[in-house]
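# Structural features, examined
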Amino acid sequence: MQLPPPEQKILDNRSHLIDRFREFLPESSVIADEARRAAYDCDGLTAYRQLPMLVLLPETVQQVSRIMRICHETGTKVVPRGAGTGLSGGALPLPDGILLGMAKFNEILNIDLDNRCVVAQPGVTNLAISQAVDADGFYYAPDPSSQIACTIGGNVAENSGGVHCLKYGLTTNNVLGLEVVLMTGETVRIGGKHLDADGYDLLGLMTGSEGLLGVITEVTVRILPKPPLARAALLGFPTIAEAGQCVADIIGAGIIPAGMELMDQAAVAATEAFCQPGYPQDAGAVLIVELDGNETEVDALIARVSEIAGKAGASSVRTSEDEQERLLFWAGRKNAFPAVGRLSPDYMCMDGTIPRHQLPIVLTEIERLSQHYGLRVVNVFHAGDGNLHPLILFDSNIPKEIEKTEAFGADILKLCVASGGVLSGEHGIGVEKRDLMGEMFTDVDLEQQQRVKCAFDPDGRLNPGKVFPKLHSCAELGKMHVHRGQLPFPDIPRF
């Protein structure tokens, strides 16, 4: 049967590219057959799937550079991918593009304890970095719930957080340097083992860029000495609103916990059945608050937090007596997502951030939306920095239920923005939130952001279709610049 011209063109281009890539890539690094490509048809946002034209798994920076040069010369699109744990569709493939998997870049290249940093390839898992320096008394602070599987390259691309980001910052606060291959195949180094650099903050620009500006091939991260002591308080509350108010009260008292996580009753019940962390089953919500430092400081802060919780209406207060119990408290939170997976055939994990003082109001409104859409929602989130992760439960086998779920999720994200927050705390925009960018940014804002992309990828070949709801060519953006009458840079006076 004669294929339509666009499909025939894709097939012809794929055949040509396969021949070129097999000239320098091992056979196992070029995945062309449909059955094996299907393993890469989505990331953690499984509601959206697309078979890639071709999957490449390079092993060296030189191979990545050559791949990018070929794609640049042939006008081929490229979608970078880490471990595929992302939840915004940022690594969703394209039917006419290369999926560039970085899984074989999985070595720690250098551990520099004197400078308190680790140099790793992008395919190294988040947890592996902490494990590599644990015996020396160090760790890597950002710890997403998926840290056992998610990679440091993906963490940089999405600016991931974690349960300890309240005190120690997101990925952007813990990355010191990057090696990046651009769309042209050029390799550039940004930052290094030093703490700061002059000039434009390209390191900050690249962190959270979602694969739209370059392919990360090396990451230098900051490691921290493990605190002498860490203790966690497990606080039960009659309602999630009271737990949310306690979060605001703790921060308002000037206390900055190492981590502060909140789960509603449904999440508590699911995690208790899944891994038995010992959560109070009669609580409407559970708040975990971890304090770290020296023993005197930690004991004083634990006592202060317990007092604040009592005044906020806590129904139970329990503090970890040893390291094993502290880790047990966290085991429930770390396993919350797989635990909730037992409650429904499918769920969609949302990601938005709000000001902390808005927690009680926003949580109440999410419950109202749940009733409006007739869909259950389980709330699990980083309470300390206001990063919400409502899990909307649904069944994709029921007609129209996925559309209803998407509408519910969109309303949650609009609520976050209306409350003074943002569309994403750590999962990124990808395709999931792309069409909601107008809720937060004006057309002028988005055009300025696209001008940044033009500086790195003028032909728009890197991860196209993500982040921006409306794409403009770089030539169009240049005309807009002139049309709006923006003045050129003035002459700089010389003395």
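Everything that follows concerns the structure shown earlier in this document.
Description of the structure in this document. (Residues numbered from 1 in each chain as written. Predicted model: local features only at pLDDT ≥ 70, side-chain atom pairs only at ≥ 80, totals over all residues. Heavy atoms only, no water.)

On to the overall build of the protein chain, then. Assigned secondary structure in the protein chain consists of 16 helices and 20 strands. In the protein chain, which comprises 495 residues, the proportion classed as buried is 53%. Expressed as a percentage of contacts within the protein chain between residues at least 6 apart in sequence, the contacts between residues at least 24 apart total 71%. In the structure as shown, the protein chain presents an accessible area of about 21,700 Å², 53% of it carried by carbon and sulfur atoms. (Helix = DSSP H or I, 4+ residues; strand = E, 2+ residues; numbered from the N terminus. Buried < 20%, exposed > 50% of the residue type's maximum accessible area, 1.4 Å probe, protein only. Contact = heavy atoms within 4.5 Å. Areas by Shrake-Rupley, 256 points an atom, 1.4 Å probe, with all protein chains shown as cover.)

In this section: the state of the cysteines. Counted according to the given criterion, the structure contains 1 disulfide. The residue that forms a disulfide with Cys454 is Cys474, at a sulfur-sulfur distance of 2.1 Å. Between Cys454 and Cys474, the disulfide has an S-S torsion of -105° and is therefore left-handed. Taken together, the residues Cys454 in helix H15 (residues 443-456) and Cys474 in helix H16 (residues 474-483) connect sequence positions 20 residues apart. By relative accessible area, Cys454 is classed as buried at 17%. Classification of Cys474 by relative accessible area gives partly exposed; the value is 23%. In this structure Cys71 is a free cysteine whose sulfur lies 18 Å from that of Cys474, the closest cysteine sulfur available. (Disulfide = S-S within 2.5 Å.)

Here we come to the pairing of strand S20 (residues 390-394). Counting buried residues along S20, 5 of its 5 residues qualify, which places the element largely inside the surrounding structure. Of the two faces of S20, the one lined by Pro390, Ile392 and Phe394 and the one lined by Leu391 and Leu393 are each fully buried. Summarising the sheet, strand S16 (residues 346-349) and S20 pair through 4 bridges and their orientation is antiparallel. Within the sheet, the bridge partner assigned to Tyr347 lies in S20 and is Leu393. Note that strand S18 (residues 377-382) and S20 share 3 bridges and pair antiparallel. Of the residues in S20, the one forming a bridge with Asn379 is Pro390. (Pairing = 2+ DSSP bridges.)

The next point concerns unusual backbone geometry. In this model, Glu210 sits at a positive phi of 60°, which is unusual for a non-glycine residue. Residue class for Glu210 comes out buried when judged on its relative accessible area of 8%. At Val467, a position not held by glycine, the phi torsion is positive, near 70°. As for its position among the elements, Val467 is in the loop between H15 and H16. The exposure class assigned to Val467 is buried, which follows from its relative accessible area of 8%.

Judged by nonpolar contacts, the single largest core of 55 residues is most densely connected at Ile250, Met260, Leu262 and Leu287. Here Ile250 is in contact with Ile255, Pro257, Met260, Leu287, Val289, Val305 and Ile308, once residues within four sequence places are set aside. With 25 residues, the next largest nonpolar core counts Leu17, Ile70, Cys71 and Leu462 among its residues. (Core = buried A, V, L, I, M, F, W, Y, C linked by side-chain atoms within 4.5 Å.)

For Lys453, the position within the fold is in helix H15. Every residue in contact with Lys453, bar those within four places of it in the chain, is listed here: Leu212, Leu213, Pro458, Gly460, Leu462 and Phe468.

Right, let's get into the side chain of Glu179. Note that Glu179 resides in strand S8 (residues 175-181). On the accessibility criterion, Glu179 (9% relative accessible area) is buried. Polar contacts involving the side chain of Glu179 include one to the side chain of Thr217, which spans 2.7 Å. (Polar contact = N/O pair within 3.5 Å; in protein donor to acceptor, adjacent residues only side chain to side chain.)

Before going further, it helps to spend a moment on the packing of helix H8 (residues 240-252) against helix H13 (residues 359-373). At a closest axis distance of 8 Å, the pairing of H8 and H13 adopts a crossing angle of 155°. Compared by their axis directions, H8 and H13 come out roughly antiparallel. Crossing of H8 against H13: the hand is right-handed. Facing H8, whose interface residues are Ile240, Ala241, Gly244, Gln245 and Val247, H13 presents Leu359, Pro360 and Leu363. Of the residues belonging to the contact of H8 with H13, the class tally is 6 nonpolar, 2 polar and no charged. (Axes fitted to C-alpha atoms, helices over the stretch in contact; angles between N-to-C directions. Parallel < 35°, antiparallel > 145°, perpendicular 65-115°, else oblique. Left-handed = near helix turned anticlockwise from the far one by under 90°. Nonpolar A, V, L, I, M, F, W, Y, C, P; charged D, E, K, R; others polar.)

Function cannot be inferred from these measures alone, as they are strictly geometric.
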